[in-house]
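Summary of structural features
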Amino acid sequence: MAASSNPYHNLLKTLDINGKSYKYYDLGVLGEKYDRLPFSIRVLLESCVRNCDNFQVLEKDVKNVLDWESNQNVEGGVEIAFKPARVILQDLTGVPAVVDFAAMRDAVKGLGGNPDKINPICPADLVIDHSVQVDFARIPDALNKNQELEFERNKERFQFLKWGAQAFDNMLIVPPGSGIVHQVNLEYLARVVFTGDILHPDSVVGTDSHTTMINGLGVVGWGVGGIEAEAVMLGQAISMLLPKVVGYKLVGELDPLTTSTDLVLTITKHLRSLGVVGKFVEFFGPGVGALSIADRATVANMCPEFGATVAHFPVDERSLQYLSQTNRSAEKIKIIEEYLRATKQFRDYSNQSQDPIFSEVVELDLSTVVTSVSGPKRPQDRVSVSVMKKDFSECLTNKVGFKGYGLSQAQLSASGSFSFSDGKTYSITHGSVIIAAITSCTNTSNPSVMLGAGLLAKKAVLNGLSVLPYIKTSLSPGSGVVTYYLKESGVVPYLEKLGFDIVGYGCMTCIGNSGPIDDNIANTIEKNELVCCGVLSGNRNFEGRIHPNTRANYLASPLLVIAYALAGTVDIDFETQPLGNRADGSPVFLREIWPTRAEIQEVENKYVIPGMFKEVYERIEEGSSSWQALEVPQGQLYGWDPNSTYIKRPPFFDGMTKDLPPIRSIENARCLLLLGDSVTTDHISPAGSIARNSPAARFLADRGLTPREFNSYGSRRGNDAVMSRGTFANIRLLNKMAPAPGPRTVHHPSQQVMDIFDAADRYAQENVPLIAIVGKDYGSGSSRDWAAKGPFLLGIKAVIAESFERIHRSNLVGMGIMPLEFLPGVNADTLGLTGAERYSISVPDTLVPQHLLTVQVDNGKSFQVKVRYDTEVDLTYFRNGGILNYMIRKML
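The written sequence of each chain sets the order in which its residues are numbered from 1. Where totals are concerned, whole chains, interfaces and linings use all residues; where local detail is concerned, this predicted model gives features only for residues with pLDDT of at least 70, and gives and counts side-chain atom pairs only at 80 or more. Just so you know, side-chain values use all the structure's heavy atoms and leave hydrogens and water out.

Time to look at the overall build of the protein chain. Secondary structure follows DSSP: runs of H or I at least 4 residues long count as helices, runs of E at least 2 residues long count as strands, and numbering of each begins at the N terminus. Summing up its helical and strand segments, the protein chain has 33 helices and 34 strands in all. Both definitions apply: the radius of gyration is a C-alpha atom measure, and the globule rule equals 2.2 Å times residues to the power 0.38. Computed over C-alpha atoms, the radius of gyration of the protein chain comes to 28 Å, within 12% of the 29 Å expected from 2.2 N^0.38 for 892 residues, which places it in the range of a compact globule. Think of it in three bands: residues with accessible area under 20% of the maximum for their type are buried, residues over 50% are exposed, and the middle band is partly exposed, with areas taken using a 1.4 Å probe on protein chains only. The 892 residues of the protein chain split such that 61% are buried. By element, 48% of the accessible surface of the protein chain is carried by carbon and sulfur atoms, the whole surface being about 32,500 Å². Residue exposure ignores everything except the shown protein chains as possible cover, and the areas themselves are Shrake-Rupley values with a 1.4 Å probe.

The following block contains the structure:
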């Protein structure tokens, strides 16, 4: 947008840096209101000012953000438009986005336009990191073997993404084997300040909940759903509620023997108990200055686990030092500093006069943080290591719940023996460690805990300690830089000696890609009903996530992962029980081999240097030899393979015309589903395994695939034929029209009970439009694009709800589905609706935001609903049939 068309162009000023002149919006002139704003809110305000066009971003948005102090407490919230500076994606969520862009090019060409115009307007980076798993571990060539299998399983998806890398402008695709998306973002992709025509703060939304990690570097960022991300990539604003901001004050210093992991687990438990869902958290106070950027990033990473939208650390001197350490240019760092100082966005944590106004303030004394783990089933359930033995013992007999397994006294003595591949027999019992993984960007981005783990491993080996051979140990660094400094510092041989060989560069165990364990171990665990354990340096440990056979899973620092692997059990008191014995029989206690912060710092200062980051990231786009050998079609249009079960051109734009279609009323629609309250996006579009008796399974089987090859819905998000069949396929769905829970409904007027997809398909053949009638909080949970795309493909024209989850409502709008809301006090029950009726909804050409429409029912009843098109932008998308259709017409 031209600055001259912006009503705030008078705020444009010039800044001379490094002999060059840069324009920027000087918000400091807005006075005391601006000076009192939290630093995270200043980023939202700058974006609103810079992007104000009185269509997507209104002057009202600017005023609402500037008046944050009063608007934060408005009941129901104040909605604003926000345009992030860039988008970041991982491969599971990135594939469907690239599929949509490829399909849009086809549509533009079919309508006589130039398909080359379809490119991300907003910069987008896609990092392939969610596909590799720990199939091989504790062998020297585990890395190569795992990467080979990764390519074998995902060749088709990778070929498509590699095509996208050369076909689209303004989109960087980072090949597999490069690292974890959030660590690559921190070390390389983050701009902090954009230096184009107008200087402005970096901000980012991503299709992964842990996008929040980048707040540790002072970049405001959080996770969103796929449709929202695609909208931002196409230059659109996203709608959000102006958040409350919790000021989290840090004072004191960490104990020399504690780690950033201990800190984040402490904060997670604290904030989860406080209740910060939907809020920003902004850190301040003198204690922040003592934390490295890696420490801050560790805290920001686990923001989803404590429930906030962001956990923000404004830029300060340490941020600039980190940028220098990670090989950002001196010229760029100078621009960042000068701009942020000029706009009052540069923080001095020791200067109380800079402290803004917060919605509320909580405080943590860093000196009170103790060595901790979290578990056995939730990230917020922190346990001090000093009481871990007692806590685990209590969990065994507590009633079944987040902190209990409900074992009887007789079951406590259960154990089992198995023969292992080394020819020996081993015994395991409750608390035995089966998986020990140094994994996840939460910790592998932090040199202090990674080098600390290496030093601990070295001391353990030198004292004659070892890890039992059946424990599946693994090390999956978040980037090549980690491997670089671990090798240079000389700790890799000791890590390998304990079984922590490098197994891959990706999320791996943290997202459940832990791979198989020995069948004899699995059978022993199942036969004896043992509560065996996984210990990992990740951010999530929900039951069943890490591995089906590790019923208890604990989040821990990389150092403690090694400690518990050495012990072989979590049922240990490190203070009174040794890890093992030296060759002379003397005991070795954990405190004897635990490195101090000073020891770690000395090694870090020596070996974590800018040259490493330069060497690794200079070749980030090259990829491995397998990636380079992938043959992909050239050209701007993708050559769709009609036989592919992973990648398929979606039908979203079939029959689309250049001109706007006439607004059509919904006549004689059938109700496909009648649902209750709190239907989540997991109910609407599950991401897990494909049930063998489902429509999706039948579709795949008809194409020659065996159940072993079905994979998951998540991996097949690039194929609409699979995903539409998986819509409402959750086995726990409660459809009031069906006789029992599950993905079934009743077709009318035949009254046949059938799978939801099959019923929708039959209605489509009968040319009958569909609606869904639902309760409160429809679409809560993860922001999942297929929860809107799937219903669209089933033929659902409108969803009538008591209330919508905010992001899901916008996703429905983005797909052209009408979100309609019952008036207060009215719902399906009060109206006596059964789902057997026919429904007609007259939609006028003069539709306005939040218009009241009348729904006519064929039983003679009628009721009013509010159209949840809340803005003129919403209506524009509706008239176009969705946001992607709107963008196609805009490009013609």
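With that settled, consider the sheet that holds strand S12 (residues 245-251). Judged by pairing direction, the sheet is parallel, and its four strands sit side by side in the order S14-S13-S12-S15 without closing on themselves. With partners counted over all chains shown, the strands left at the sheet margins are strand S14 (310-312) and strand S15 (360-365), one partner each. Between one strand and the next, the sheet's axes are offset by a mean angle of 20°, whatever the strand orientation. Against the sheet, helix H2 (residues 39-51) makes contact with S12, strand S13 (280-284) and S14, and its axis sits at roughly 125° relative to S13, the strand it touches most. Contacts from helix H9 (residues 260-274) reach S12, S13 and S15, with the element oriented near 150° to S15. In this analysis, strands are considered paired if DSSP registers two or more bridges between them. Every axis corresponds to a line fitted to the C-alpha atoms, with the helix fit spanning only the stretch in contact, and the corresponding angles, defined between N-to-C directions, vary from 0 to 180 degrees. The contact criterion used throughout is that any non-hydrogen atoms of two residues lie within 4.5 Å.

Bringing helix H23 (residues 610-618) into the picture now. Buried within H23 are the following residues: Met612, Phe613, Val616 and Tyr617. Taken end-on, H23 shows its buried residues confined to a sector of 105°, consistent with a single buried face. Where H23 is buried, its residues contact helix H7 (181-189), helix H12 (317-325), helix H17 (480-488) and helix H22 (597-607). Throughout, the arc means that of the directions going from the helix axis to the C-beta atoms.

Strand order in the closed barrel formed by seven strands is S26-S29-S30-S31-S34-S33-S32, with mixed pairing between adjacent strands. Averaged over all pairs of adjacent strands, the angle between their axes in this sheet comes to 40°, without regard to strand direction. In terms of strand pairing, strand S29 (residues 770-773) meets strand S30 (residues 796-801) through four bridges, oriented parallel. For Ala772, the partnering residue across the bridge sits in S30 and is Val799.

Right, let's get into the packing of helix H5 (residues 91-110) against helix H33 (residues 883-891). Put simply, H5 and H33 touch, their axes get as near as 10 Å, and they point 45° apart. Between H5 and H33, the angle falls in the class oblique. The two elements H5 and H33 meet at a crossing, and its hand is right-handed. Contacts between H5 and H33 pair Asp100, Met104, Ala107 and Val108 from the former with Leu884, Met887 and Ile888 from the latter. Charged means Asp, Glu, Lys or Arg here, nonpolar means Ala, Val, Leu, Ile, Met, Phe, Trp, Tyr, Cys or Pro, and polar covers whatever is left, Gly included. Of the residues assigned to the contact of H5 with H33, the class counts are six nonpolar, no polar and one charged. Small angles under 35 degrees read as roughly parallel and large ones over 145 as roughly antiparallel, with 65 to 115 read as roughly perpendicular and the rest as oblique. Rotating anticlockwise by less than a right angle from the far helix to the near helix defines a left-handed crossing, while the corresponding clockwise rotation defines a right-handed one.

Moving on, we get to the packing of H9 against helix H10 (residues 293-301). The interhelical angle for the contact between H9 and H10, taken along N-to-C directions, is 35°, at an axis separation of 9 Å. Once H9 is placed against H10, the crossing between them reads as right-handed. Every residue of H10 that contacts H9 at Ser260, Leu263, Val264 and Ile267 is listed here: Asp295, Thr298 and Val299. When the residues that make up the contact of H9 with H10 are grouped by side-chain class, the tally is four nonpolar, two polar and one charged.

We now examine unusual backbone geometry. Glycine aside, residues mostly have negative phi, and peptide bonds are mostly found in the trans state. Omega for the bond connecting Gly375 with Pro376 falls within 30 degrees of zero, at 15°, which places this linkage in the cis form. The topology assignment puts Pro376 in the loop between strand S16 (372-374) and strand S17 (382-384). In the segment running from His748 into Pro749, the intervening peptide bond is cis, with an omega of 10°. Of note, the phi angle at Ser440 is positive, near 80°, even though the residue is not glycine. Summarising the element assignment, Ser440 is placed in the loop between strand S20 (433-438) and helix H15 (441-444). One non-glycine residue, Glu529, lies in the positive phi region at around 50°.

What follows is about the nonpolar core. Counting 157 residues, the largest nonpolar core has Trp222, Leu672, Phe728, Tyr778 and Met818 as its most contacted members. If you tally residues by element for this core, the top one is H5, at 10 residues. In contact with Phe728, not counting residues within four places along its chain, are Leu673, Leu675, His683, Ile684, Leu733, Pro743, Ile756, Tyr778, Pro791, Leu794 and Ile796. Counting 146 residues, the second largest nonpolar core, distinct from the first, contains Ala297, Phe306, Leu559 and Leu579. Residues belong to one nonpolar core when they are buried, are Ala, Val, Leu, Ile, Met, Phe, Trp, Tyr or Cys, and are joined through side-chain atoms within 4.5 Å.

Turning our attention to the packing of aromatic side chains. Geometry of aromatic contacts follows a simple scheme: Phe, Tyr and Trp rings, the Trp one being its six-membered ring, pair when their centres are within 6.5 Å, and the pair is stacked under 30 degrees between planes, edge-to-face over 60, tilted otherwise. Scanning the model with the defined rule gives 28 aromatic pairs in all. Plain terms: the ring middles of Phe101 and Phe168 are 5.9 Å apart, the flat faces sit at 90° to each other, and that makes the pair edge-to-face. Pair noted here: Phe101 is in helix H5 and Phe168 is in the loop between helix H6 (142-167) and strand S6 (171-174), with a separation of 67 residues, a long-range link. Grouping residues by exposure puts Phe101 and Phe168 together as buried. On the basis of an interplanar angle of 35° and a centroid distance of 6.3 Å, the ring pair of Phe160 and Trp640 is categorised as tilted. Residue Phe160 is found in helix H6, and its partner Trp640 is found in the loop between helix H24 (625-629) and strand S26 (666-674); the two are separated by 480 residues along the sequence. Considered together, Phe160 and Trp640 belong to a single accessibility category, that of buried residues. Here the aromatic cluster, defined as three or more aromatic residues joined through ring pairs, consists of Phe101, Phe160, Trp163, Phe168, Tyr638 and Trp640. Throughout this description, the term charge over a ring refers to an Arg CZ or Lys NZ atom that lies within 6 Å of the ring centre and within 35 degrees of the ring normal. The residue whose ring lies beneath Lys145 is Phe136, and the NZ or CZ to ring-centre distance is 5.4 Å. Lying over the aromatic face of Phe589, Arg591 brings its terminal NZ or CZ to 4.4 Å of the ring centre.

A few words now on the side chain of Ser374. For Ser374, the location among the structural elements is in strand S16. Whenever a nitrogen or oxygen atom comes within 3.5 Å of another N or O atom, the pair is scored as a polar contact, on the condition that within protein one atom can donate a hydrogen and the other can accept it, and that pairs from neighbouring residues in sequence are kept only if both atoms are in side chains. Only 3.0 Å separates the side chain of Ser374 from the backbone oxygen of Pro379, close enough to count as a polar contact. In this view, Ser374 contacts Leu265, Pro379, Asp381, Arg382, Val383, Asn541, Asn553, Tyr554 and Leu555; residues no more than four positions away in its chain are not counted.

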